[in-house]
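Understanding the architecture of this molecule
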Amino acid sequence: RCFEDANGRDLKQFRLWYAQSGTPVVEAKGEYDAASQTYALTLKQSLGATPGQPEKKPMHMPIRLGFVAKSGRAMPLTLDGENATGPEERVLELTAPEQKFLFVGVAEEPLVSLGRHFSAPVVFKTGADRKARAALMARDTDDFNRWEASQMLATDLLLEMAGVAQSGQTPVADSIYIDAIGEVLARAEDDHAFAAQMLVPPLESEMAMAMTPADPDAINKARVTLIRDVQKAHGARVAELYGKLELKGPYSPDAEAAGRRSLRNALLRYLTSADDEASAEIAYKHYTSATNMTDMIAGLAALTRMNSKRRDEAFTHFHDRFCTDPLVLDKWMSLQAGSPASDTIERVRGLMKDPHYDIKNPNRVRALIGAFAGNHLRFHAKDGAGYALVGEIIRALDAINPQVAARMSGAFENWRRYDTHRQSLMRGELEKTLKKENISANVFEVVTKMLN
């Protein structure tokens, strides 16, 4: 109230953000008129019904936006009726279910960058095609929107590639995305940490939330192929950057050094994407030359994908070096549990016999079994071996630590998102857990909610 009085603003509608549940959706549609050099932007908001709130009122949404020219230059935003040329970025206030904003003096059809600086926690639906997303990914001046455009473009592409993989064919990455990544690599030295984030495509677990039904094998095939296709197209630039970013001298925790490490480690994923013996040598050298834990872990993570003697040598060396530090050995176990290799389940069962592992210690369980449950490809192995392993641990853990067992059960939470075969296997594990003698109230509640 004091803020309203001081600024002369009525924020009654704005307070609906605190009274109405759900995430609003804003649909945006633009029409450019080259003759009059105007751009009409229509924004339409909606908020789905939720329990106890079947009907929602329109919210007061501050939406920051910018116009980007084909050259990447920022364009002025002048609303119809304004005498002076507008700023290159401004906030529109969307208060009605649907509003139209007319911009004048727009020299060319712009790329619209909506929701800059995460100005409103909404889902934007713009209908932008791949070319528009690639252009924003390469040229938008707002970092969040550049990253968001890259994730949306990659998600769309990966879904298409996964569909191709399901049909038994070999997927190929769209050149639109490959070219956009080329522009990211060209500007990578502007902001190392940001470039590192731009180079990471959506995770397999994230893709599973976008695909119905989710196919872990097809998703993995698509993502691996996408990374390899980027490397084929831009291998020279990747190698050049990787070499330039090597830090020599004492370790520094400052932001600049951290950004260089982050980008170099992201580039390592592309350099070693072939997963062959040459890749293993690159990853092994990265590990052995590392002067800090971040780089060591990156080298080990790359090696987990490869069937090479270098993998075993590196993991043995890491274990022996840090054998007296249980928290570091937790990472040693987690990396192996997260491997996409076909023998991961056998390795996890072997690690369960390692002296470091203790089912009575929650940290050890989370480090090994929790990491494996987050391994989208191998946890969802089609033969059900991953489900059986985690289900077995949950039932054994229930008698020792019901709270941890209940949290571990969350690995099966999204069982309905997968194909009928995997659904049947996961449901079987949940039902087996529910039938366990003397099941704890914690696990009983969690599993019952999942099945209902």
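The sections below set out a description of the structure shown in this document. Remember, predicted model here, so these are calculated numbers, not experimental data.

Brief notes about the pattern of salt bridges
Per the stated rule, a full pass over the model turns up 29 salt bridges. Taking the shortest distance from any N to any O, the salt bridge between Lys232 and Asp229 comes out at 4.0 Å. Taken together, the positions of Lys232 and Asp229, both in helix H8 (residues 216-244) and three residues apart, correspond to about one turn of that helix. We note a salt bridge from Glu431 to Arg427, for which the minimum N-O separation is 2.9 Å. Taken together, the residues span about one helical turn, with Glu431 and Arg427 both in helix H19 (residues 420-434) at a distance of four residues. According to the relative accessible area criterion, Arg427 is partly exposed, its value standing at 31%. Put simply, Arg64, Glu89, Arg116 and Asp140 are held in one network by salt bridges that share partners.

Overview of unusual backbone geometry
Looking along the chain, the bond that leaves Thr212 and enters Pro213 is cis, with omega of -15 degrees. On the secondary structure map, Pro213 appears in the loop between helix H7 (204-210) and H8. At His117, a residue that is not glycine, the phi angle is positive and equals roughly 60 degrees. On the secondary structure map, His117 appears in the loop between strand E8 (111-114) and strand E9 (123-125).

Structural notes on empty space enclosed by the protein
Under the criterion given, the structure shown has one cavity of 30 Å³ or more. Taken as a whole, the largest cavity holds about 40 Å³ of empty space. Considering the residues around the largest cavity, the lining is formed by Gly391, Ile394, Ser409, Phe412, Glu429, Leu430, Thr433 and Val447. Elements that contribute at least two residues to the lining of the largest cavity include exactly helix H17 (385-398) and H19. Ranked by the residues each element gives to the lining of the largest cavity, the list is headed by H19, at three residues. Per-class residue counts for the lining of the largest cavity are four nonpolar, three polar and one charged.

Observations regarding the side chain of Arg130
Its location among the elements puts Arg130 in helix H3 (residues 130-139). Arg130 gets classed as buried once you look at its relative accessible area, which sits at 16%. Within polar-contact distance, the side chain of Arg130 engages the side chain of Glu160 at 3.1 Å. If we ignore the near neighbours within four places in the chain, the residues touching Arg130 are Leu153, Asp156, Leu157, Glu160, Asp174 and Ile176.

Describing the nonpolar core
Judged by nonpolar contacts, the single largest core of 100 residues is most densely connected at Met137, Tyr177, Leu267, Phe318, Ile369, Val390 and Phe412. Ranked by residue count, the leading element in this core is H8, at nine residues. Every residue in contact with Leu267, bar those within four places of it in the chain, is listed here: Leu185, Leu199, Val238, Leu241, Tyr242 and Leu245. Counting 26 residues, the second largest nonpolar core, distinct from the first, contains Leu41, Leu43, Val106 and Leu114.

Quick notes on the sheet that holds strand E5 (residues 78-79)
Strand pairs in the sheet, formed through backbone hydrogen bonds, run parallel or antiparallel to each other. Spatial ordering of the open sheet is given by E5-E7-E2-E1-E9, a layout of five strands whose pairing is mixed. Each edge of the open sheet carries a strand with a single partner, namely E5 and E9. Across three bridges, the pairing between strand E1 (residues 25-33) and E9 is parallel. Bridge pairing in E9 places Glu27 opposite Lys125.

Section: the packing of aromatic side chains
Scanning the model with the defined rule gives nine aromatic pairs in all. With a centroid separation of 4.9 Å and an interplanar angle of 50 degrees, the aromatic rings of Phe318 and Phe322 are classed as tilted. Residue class for Phe318 comes out buried when judged on its relative accessible area of 0%. Taken together, the aromatic side chains of Phe372, Phe379, Tyr387 and Phe412 make up a single cluster linked through ring pairs. A cation over an aromatic ring shows up here: Arg264 above the ring of Tyr242, its NZ or CZ 4.0 Å from the ring centre. A cation sits over an aromatic face here: Arg310 above Tyr284, 4.3 Å from the ring centre.

Side note on helix H20 (residues 441-451)
Among the residues making up H20, those that are buried are Val443, Val447, Thr448, Met450 and Leu451. In an axial view of H20, the angular spread of the buried residues amounts to 160 degrees, which keeps them on one side of the axis. With respect to the buried face of H20, the exposed residues turned more than 90 degrees away are Ala441 and Lys449. The inward-facing, buried residues of H20 abut H17, helix H18 (402-408) and H19.

Procedures and definitions
Residues numbered from 1 in each chain as written. Predicted model: local features only at pLDDT ≥ 70, side-chain atom pairs only at ≥ 80, totals over all residues. Heavy atoms only, no water. Salt bridge = Lys/Arg side-chain N within 4 Å of Asp/Glu carboxyl O. Helix = DSSP H or I, 4+ residues; strand = E, 2+ residues; numbered from the N terminus. Buried < 20%, exposed > 50% of the residue type's maximum accessible area, 1.4 Å probe, protein only. 1 Å grid on protein atoms, 1.4 Å probe; cavity = no way out; pocket = protein on both sides within 12 Å on 5 of 7 lines; lining within 4 Å. Points joined across faces, edges and corners; volume = space filled by probe spheres on them. Nonpolar A, V, L, I, M, F, W, Y, C, P; charged D, E, K, R; others polar. Polar contact = N/O pair within 3.5 Å; in protein donor to acceptor, adjacent residues only side chain to side chain. Contact = heavy atoms within 4.5 Å. Core = buried A, V, L, I, M, F, W, Y, C linked by side-chain atoms within 4.5 Å. Pairing = 2+ DSSP bridges. Phe/Tyr/Trp six-rings, centres within 6.5 Å; stacked < 30°, edge-to-face > 60°. Lys NZ or Arg CZ within 6 Å of the ring centre and 35° of its normal. Arc of directions from axis to C-beta.

Take it as geometry only, folks, not as evidence of what the structure does.
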